2 protein chains.
Amino acid sequence: MQIGICGLGTVGSGAFNLLAGNRDEIYRRTAVEIRVVQVGCRRDHPDCDLSATNVTRDIFEVVNNPEVDIVLELIGGTDDALKLVLAAVRNGKHVVTANKALIAEHGSEIFSAAAGMGVQLRYEAAIAGGIPVVKAVREGLAANRIEWIAGIINGTSNYILTEMARPGSNLDFADVLKEAQNLGYAEADPTFDVEGIDAAHKLTILSSIAFGVPLRFDDIYTEGISAITAGDISYAGELGYAIRHLGITRRVGDAVELRVHPCLVPQDQMLARVNGVMNAVMAGSDQAGPTMYYGAGAGSGPTASAVIADVIDIIRSDGIHNVANLGFLPEAIQSKPVLNIEEVTGSAYLRMVVADKAGVMAKISTILSQHGISIEALMQKETHGEDAHVVIITNEVLEKSLNAAIRELSSLEESMAEVARIRIADL
Amino acid sequence: MQIGICGLGTVGSGAFNLLAGNRDEIYRRTAVEIRVVQVGCRRDHPDCDLSATNVTRDIFEVVNNPEVDIVLELIGGTDDALKLVLAAVRNGKHVVTANKALIAEHGSEIFSAAAGMGVQLRYEAAIAGGIPVVKAVREGLAANRIEWIAGIINGTSNYILTEMARPGSNLDFADVLKEAQNLGYAEADPTFDVEGIDAAHKLTILSSIAFGVPLRFDDIYTEGISAITAGDISYAGELGYAIRHLGITRRVGDAVELRVHPCLVPQDQMLARVNGVMNAVMAGSDQAGPTMYYGAGAGSGPTASAVIADVIDIIRSDGIHNVANLGFLPEAIQSKPVLNIEEVTGSAYLRMVVADKAGVMAKISTILSQHGISIEALMQKETHGEDAHVVIITNEVLEKSLNAAIRELSSLEESMAEVARIRIADL
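Please read all numbers here as calculations on a predicted model, not as lab measurements.

Once that is clear, we can look at the sheet that holds strand β5 (residues 94-97) of chain A. Residue and element names in this part refer to chain A. Strand order in the open sheet formed by 6 strands is β3-β2-β1-β4-β5-β6, with parallel pairing between adjacent strands. Looking at strand neighbours, the two that pair on one side only are β3 (55-56) and β6 (121-122), the edges of this open sheet. Alignment of β5 against β6, held across 2 bridges, turns out to be parallel. Its bridge partner being in β6, Val96 is matched across the sheet by Arg122.

Most often, soluble globular proteins keep nonpolar side chains buried together rather than apart. If you look at the biggest cluster of nonpolar residues, it comprises 116 residues, and the most contacted ones within it are Leu121 and Tyr123 of chain A together with Leu121 and Tyr123 of chain B. Counting residues in hydrophobic clusters, the runner-up holds 38 residues, among them Ile152 and Ile248 of chain A together with Ile248 and Tyr294 of chain B.

Now for the packing of helix α1 (residues 10-21) of chain A against helix α12 (residues 300-316) of chain A. Residue and element names in this part refer to chain A. Two elements in contact, α1 and α12, have axes whose closest approach is 8 Å; the angle formed by their N-to-C orientations is 65 degrees. Overall, the two elements α1 and α12 adopt an arrangement that is roughly perpendicular. Read as a crossing pair, α1 and α12 show a hand that is right-handed. Along the contact surface, α1 presents Thr10, Val11, Ser13, Gly14, Ala15, Leu18 and Leu19, while α12 presents Ser300, Thr303, Ala304, Ser305, Val307 and Ile308. Taken together, the residues that form the contact of α1 with α12 break down as 7 nonpolar, 6 polar and no charged.

Mapping chain A onto chain B calls for a rotation angle of 180 degrees and an axial translation of 0.0 Å; the resulting RMSD is 0.0 Å. Taken together, the rotation angle and the small translation identify this as a two-fold axis. Of every C-alpha in chain A, the one belonging to Tyr293 of chain A sits nearest the axis of rotation, 2.5 Å from it. Both copies present the same face, since 100% of the interface residues in chain A are matched by interface residues at the equivalent positions in chain B.

All names here are of chain B. Judged by pairing direction, the sheet is parallel, and its 6 strands sit side by side in the order β3-β2-β1-β4-β5-β6 without closing on themselves. Edge positions in the sheet fall to β3 (55-56) and β6 (121-122), since each has one partner strand and no second. Each of β1 (2-6), β2 (35-40) and β4 (70-73) touches helix α1 (residues 10-21); the most contacted strand, β2, lies at about 160 degrees to it.

Attention now goes to the side chain of Arg28 of chain B. With respect to the helices, strands and loops of the structure, Arg28 of chain B is situated in helix α2 (residues 23-30). From its side chain, Arg28 of chain B meets the backbone oxygen of Gly212 of chain A in a polar contact 2.9 Å long. Apart from residues no more than four positions distant in its own chain, Arg28 of chain B is found in contact with Phe211, Gly212, Phe328, Leu329, Ala332, Ile333 and Gln334 of chain A.

The next subject is the pattern of salt bridges. Overall, the coordinates contain 50 salt bridges over all chains when judged by the stated rule. With a closest N to O distance of 2.4 Å, Asp219 of chain A and Arg216 of chain A form a salt bridge. Between Lys336 of chain B and Asp254 of chain B there is a salt bridge whose closest N-O contact spans 3.7 Å. Taken together, the residues span a long stretch of sequence, with Lys336 of chain B in the loop between α12 (300-316) and β13 (345-346) and Asp254 of chain B in the loop between β9 (241-252) and β10 (255-266) at a distance of 82 residues. The exposure class of Lys336 of chain B is buried, given its relative accessible area of 12%. The exposure class of Asp254 of chain B is exposed, given its relative accessible area of 59%. Overlapping salt bridges bring together Arg122, Lys135, Glu139 and Asp313 of chain A together with Arg122, Lys135, Glu139 and Asp313 of chain B as one network.

Turning our attention to unusual backbone geometry. Residue and element names in this part refer to chain B. A positive phi is found at Ala31, a non-glycine position, where the angle reads about 55 degrees. One can find Ala31 in the loop between α2 and β2. Positive phi is not limited to glycine here, since Asn170 has a value of about 50 degrees. Owing to a relative accessible area of 62%, Asn170 belongs among the exposed residues under this scheme.

With 60 residues of chain A at the contact, the number on the chain B side is 60 residues. Summing both sides of the interface, chain A and chain B together bury roughly 4,900 Å²; the carbon and sulfur share of this comes to 52%. Across the chain A-chain B interface, the total number found is 4 salt bridges. Here Lys135 of chain A and Glu139 of chain B are joined by a salt bridge, their closest N and O atoms 2.8 Å apart. Linking chain A with chain B are 28 residue pairs in polar contact (both at pLDDT 80 or more), by the criterion used here. Sorting the residues of the side of chain A that touches chain B by element identifies α2 (23-30), α6 (133-140), α10 (197-211), β11 (278-285), β12 (289-296) and α12 of chain A as the ones contributing at least two each. Per element, the largest residue contribution to the side of chain A that touches chain B is 8 residues, and it comes from α12 of chain A. As defined by bridge partners, β12 of chain A adjoins strand β12 (residues 289-296) of chain B across 3 bridges and the pair is classed as antiparallel.

Residue and element names in this part refer to chain B. Counting buried positions over the 8 residues of strand β16 (residues 387-394) gives 7, a clear majority of the element. As judged from the 7 bridges shared by strand β14 (residues 348-355) and β16, these two strands associate in the antiparallel manner. Bridge pairing in β16 places Tyr349 opposite Ile393. One ladder, built from 7 bridges, connects strand β15 (residues 375-382) with β16; its direction is antiparallel. Bridge pairing in β16 links Glu382 to Ala388. Connecting β15 to the next strand, β16, in antiparallel fashion are 4 residues, including Gly385 with a positive phi near 80 degrees.

The next point concerns a nonpolar patch on the surface. Residue and element names in this part refer to chain A. There is a patch of nonpolar side chains on the surface, built from Leu183, Tyr185 and Val277 and spanning about 260 Å² of accessible area. Topologically, Val277 is positioned in the loop between β10 (255-266) and β11. You can call Val277 partly exposed: its relative accessible area is 33%.

All names here are of chain B. If you check which residues of helix α13 (residues 360-370) are buried, you get Val360, Ile364, Ile367 and Leu368. Buried positions in α13, seen along its axis, are confined to an arc of 95 degrees and lie on one side of it. Looking at α13, the residues exposed on the side facing more than 90 degrees away from the buried face are Ser369 and Gln370. Next to the buried residues of α13 lie β14, β15, β16 and α14 (399-410). Positioned one or two residues after α13, Gly372 has a phi angle of 75 degrees, which is positive.

Let us now look at the pairing of β10 of chain B. Residue and element names in this part refer to chain B. Counting buried positions along β10 yields 11 of 12 residues, so the element is predominantly enclosed. Taken together, the 2 bridges between strand β8 (residues 221-222) and β10 define a ladder with parallel strand orientation. Residue pairing for β10: Thr222 is matched across the bridge by Val260. Both β9 and β10 contribute to a ladder of 12 bridges, which runs antiparallel. Bridge assignment links Tyr241 to a residue of β10, and that residue is Pro266. Linkage of β9 to β10, two consecutive antiparallel strands, is achieved through a turn of 2 residues, within which Gly253 is found at a positive phi near 55 degrees. Pairing analysis gives 2 bridges linking β10 to strand β18 (residues 420-424), with the strands arranged parallel. Opposite Leu264, over in β18, you have Ile424 as the bridge partner.

Calculation criteria
Residues numbered from 1 in each chain as written. Chains lettered and ligands numbered in written order. Predicted model: local features only at pLDDT ≥ 70, side-chain atom pairs only at ≥ 80, totals over all residues. Heavy atoms only, no water. Pairing = 2+ DSSP bridges. Helix = DSSP H or I, 4+ residues; strand = E, 2+ residues; numbered from the N terminus. Core = buried A, V, L, I, M, F, W, Y, C linked by side-chain atoms within 4.5 Å. Buried < 20%, exposed > 50% of the residue type's maximum accessible area, 1.4 Å probe, protein only. Axes fitted to C-alpha atoms, helices over the stretch in contact; angles between N-to-C directions. Parallel < 35°, antiparallel > 145°, perpendicular 65-115°, else oblique. Left-handed = near helix turned anticlockwise from the far one by under 90°. Contact = heavy atoms within 4.5 Å. Nonpolar A, V, L, I, M, F, W, Y, C, P; charged D, E, K, R; others polar. Least-squares fit on C-alpha atoms with pLDDT ≥ 70 in both. Polar contact = N/O pair within 3.5 Å; in protein donor to acceptor, adjacent residues only side chain to side chain. Salt bridge = Lys/Arg side-chain N within 4 Å of Asp/Glu carboxyl O. Buried area = accessible area lost by both parts, 1.4 Å probe. Patch = residues over 30% accessible without salt bridge, like charges linked within 9 Å, V, L, I, M, F, W, Y side chains within 5 Å. Areas by Shrake-Rupley, 256 points an atom, 1.4 Å probe, with all protein chains shown as cover. Arc of directions from axis to C-beta.

Printed below as a string of C-alpha cells:
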C-alpha cells in the first residue's frame, strides 16, 4: 500500500516515524508493506530521516501522484486542507485526516465526494488523539441507541484546570496559562483551546456519530475556561466537585443538546479523575450503559497511532467502505433541532461577590425563589475587606429562568461583581 | 441477515431483546434487516416474547438450519459449546460467541477451522462485556507495539474489594461475598470469579491480541482475592493504595508475563477509581501511550451490546474476514516463553502478625536485608491482645528472593501467622 503524507509537523513526522519504527509489528497484523512514496511539506522535520524519501514542497503534487493510494492530510487549517482532500478524492485516493475543523465544518461535502468516488475518508485522529473513540462509537457501540456523550476533549484546558486545582496552587487562569505556554501545552494564541472552539469541533463530530444527525458546528454553544477563578476551584472542591471543561451532547425528546462549557463534576466520577493533558470520552447508551475511553488526546505518537490505525483499517477492508462516515448511512441521517442553551435544564453553581451587609442573603433567596429556584447548598466566605463570597448550588432549573435570576442578582445594590455561573454535570 | 441464537440465558435473552428494541437504530447504520430465524434453548426466557419465533430445544438444530447465516453461541461452558461452534463453522456459518473459556482454551482449533471455511469467528463479548476492548486492541491500537495490558476484568471480585473498602465497612471477604451472592453479583459457587479463573480466561485472550502470542491459558499464574482481609484494605489505604484484582500481561525481554492476582494500585491512578461491578482495561503502547477502556463488564444489556456489535461488524464487512482472530495473522503468531511468577520483578506489600517482643523488628529487617530487599515504607499496628501487625512495602525485587524471605519471616518464632504478600502494580 502506497502512502503520500501531506504536512510534516508534529503529526506528520510522528506518522512518518511510526511507519518506519513499527513496520514489522504492522506487517504481522496485515501482511502488507506500507510504503511512503511521497511527502509534501513546507520544510523538512528534524526528527525525520528523509534521505530515501521523495519530498516535494508542493503538497498538491502528492494528491496528483499516481503512485499514491492513500493520502494523509496532516497540514491542518481548513482552506488548503479542503482543496487538498477534495483533489485527492477526485483522484480516487483514500484519505486519512487528523483535521477536526475540516470534518466539523466541511464533513458533509467531503463525505459526499468520497462516496461518489468510492474511496474511504477516515478521521479517527480528529478526536481525542490516540484514543480510538470514533471506532468505539461507530462500531463498538453500533448495537446501541446512544443517549449522550460527555468528554474532556481538549488537553490544554484540562491541563490548566488541573494545575489550578493542585493543592496549594491557588493560581488564577492567566498564571497557569502562561506556565502551560512555557511548557508547550498551550499555543502562543490559546484562543482555539481555552475558549472551547477546538472542543466544539470535536463535539460536533461526536454528536453526529452518536445520534446520526448532520454536522452542525454553527449551532453549538461554546464557553471557555478563562473566567474560572482560583476561588471557584477551591469552593467547588469544598462542595465535592472538580471543575472540568466538557463537551456534552445529549438526546432530549426530539432535539439534541450540543454544548461546550466548564462543568462541576462530582469528585467520585471517573471524568473528575482525568488530569493534566489527558482526554476522556464517556458515552451513555441504552444497552452497554456508560462506557469511557481514556488516553492522550494530542501529541506526535498518540495522533500518529490513530492516523495509521485508519490506514490499517483501509488495508484490512480491502478498499470497501464498510462503516458509513458518520456511523449512520447518509440516507439515515436525520436532522434534529439543537436546543438553545436557554432551553437546557440543569443545576448550577453560582458565585457572588456581595457587600457584607445585613439582609443581603434574604434578598438573594427571595430573587431565587421568585424564579422557582431552590438552594441545594450554600456557602458564605469572608474575603479581605468588606466583601463576602456567596456560593450557591441550585436545584435543576431551566437555564432561561436561571439567567433571569442572575440578571437580577447582578443588579442588586450589594452585588460587587457579575454573578459567575458554572453548570453542574449530570451524567 | 439471518441469525440463530443458541442459549437464552442472561446474554441470549439480552441479544434477542436488543435486536427487537434497536431494530430501527441498527437499520439506520446498516440498511440490513437482522432476523432471528431460530432460537435453541433448554427453556423459554420470561423476558422474551417468543410467540413469533421458531424455538427448538435442540441447539444443534440451529447450527444445521440452512436459513441461519450467523450463529450466536451463548450457552457457555466448553464441551457442548466447542461441538456447537465447530459444527456451525463446518456448516459455513459465521459465529459470534461471548464464551471466554471456549476461546481461551480452544481458540486455536476454532480459529483454524473458521479460516479453513472462510467464515468469521468473533468474540468481543468474551472480555469486559459492553466495553469494545477487543476492537480497541486489535484495531484501534493496530499501529502500536503494545507493551502491557492491565485490567479489572472480573466484576464480582471488584465489587467485593470495593465493598470491603467502603468507609466504615471493615468487613472481611467472606461477609461481603455473602452480600454479593444475595445481590446476584456472585454465583452460589463463586470459585470461577473470586479465585481468578474467569479473569485468567480473559487475560489469556488479551495477551494474545496484544502481542501476537498463542493462547496459553495453562501457563497463566492465578491467585484470587479470598485471602484479602479487612486489615489489608485499611493498611493499603493508609499507605495511599487501593486493592484491586488485576490481570496483567507484559513484554519482558523475549518473554511475557501472564498473571492474575490482587494488587495494590496507587489511589491517584485511574484503575484504583474503578468501583463496584465495573471493568476497565488499560493498555500501554509505544505510540498511543496508556489508554483505558471502562464500562460494565457483565450483565444482559452490556454483553448483548458486544454480541450484536460483532454481528453488525460481520454485516459491514460483507462477509470478508478483515481482522485476524488474534489481531495478528496466524503465520505471524510467535510463541514466547511465559515468565514463571518467581521470575517476575516488582515491589510488594507484606503483612505480618508478630508477637510484640523486643528485637522482632531487628530480626525482620535482617532477614529482608540478607535477601537484598529494602524497606520503602513500614507501619506497625497494635491489635487486641499481644500481637502486632507489621506492614512493609518493599523495593522492586525478584519474586524468588521475596519468596525466600517470606519463608524465613514466616518461620520466625515471633511470627503468629503466614506472612501475607500483595504485589504492587507498576503501570
